[in-house]
Structures are given as C-alpha cells and as structure tokens.
Amino acid sequence: MRAIKDCDKCEYEDCERDSKEIVYSRMLEKVIICCEGHADVVEDEGHPEYNDQCKNCGCRQGVN
C-alpha cells in the first residue's frame, strides 16, 4: 500500500512537484503518487467510463 510522505515528489515523468494524490496508472499497471494536476491526467488514461476510489488503499482510478 502506498502512502505519501512530506518529502515525496510526483512520479509522473519529469515532474518535481510535491505529491498530493495516490492514483492507479493503467498504462504502468501500478499505483503511483502524483501532484494534483498529474493525478487527473493519470486517472483519465485510456478514457475510462467513470472514476472511482479504491476501497483498499484509497487510490483514484479510472474504471471501464
């Protein structure tokens, strides 16, 4: 299970902003931590029908 620490940076490509969100990447097939802006981008990967939040770890994820 992923958790965000104060010093964690966004894991989206070359972003250096602080992480604020936990999100499942359908492209990477794993949970990553992202800044708010990139969390929205990752959540929309593959144009899901709707978005949900995992009941186990709390990550945001797109669902088809």
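Residue positions are given per chain, counted from 1 along the sequence in the order it is written. Totals for whole chains, interfaces and linings use every residue, but because this is a predicted model, local features are given only for residues with pLDDT of at least 70 and side-chain atom pairs only at 80 or more, for both listing and counting. In computing side-chain properties, one takes all heavy atoms of the structure into account and sets aside hydrogens as well as water.

A. Quick peek at the nonpolar core. Cys10, Cys15, Val23, Ile32, Cys34, Cys35, Ala39 and Val42 together form the largest nonpolar core, which totals 8 residues. Where helices and strands are cited, they refer to DSSP runs of H or I of at least four residues and of E of at least two residues respectively, numbered from the N terminus. Elements supplying a minimum of two residues to this core: strand E2 (30-34) and helix H1 (36-43). Leave out the neighbours within four places in its chain, and cysteine 10 touches Cys15, Arg17, Asp18, Ser19, Ile33, Cys34, Cys35 and His38. For our purposes a nonpolar core is just a set of buried Ala, Val, Leu, Ile, Met, Phe, Trp, Tyr and Cys residues, chained together by side-chain atoms within 4.5 Å. When accessible area is computed with a 1.4 Å probe and restricted to protein chains, residues below 20% of their type maximum are described as buried, those above 50% as exposed, and intermediate ones as partly exposed. Two residues form a contact once any of their heavy atoms are found within 4.5 Å.

B. Quick peek at the environment of cysteine 57. Position of cysteine 57 relative to the elements: it lies in the loop between strand E3 (50-53) and strand E4 (60-63). Under the relative-accessibility criterion, cysteine 57 is labelled partly exposed at 23%. Placed 52 residues apart in sequence, cysteine 57 and lysine 5 show a C-alpha to C-alpha distance of 15 Å.

C. Geometry of the pattern of salt bridges. Any carboxyl oxygen of Asp or Glu within 4 Å of a side-chain nitrogen of Lys or Arg constitutes a salt bridge here. Within the structure shown, the criterion is met by 5 salt bridges. In this structure, lysine 9 and aspartate 18 form a salt bridge, with 2.8 Å as the shortest nitrogen-oxygen distance. Judged by its relative accessible area of 35%, aspartate 18 is partly exposed. In this structure, the salt-bridge partner of arginine 60 is glutamate 43, at a minimum N-O distance of 2.6 Å. Here arginine 60, found in strand E4, pairs with glutamate 43, found in helix H1; they are 17 residues apart in sequence, far enough to count as distant. A relative accessible area of 15% places arginine 60 in the buried class. Overall, the relative accessible area of 8% leaves glutamate 43 in the buried class. Overlapping salt bridges, with partners in common, bring together Glu21, Asp40, Glu43 and Arg60 in one network.

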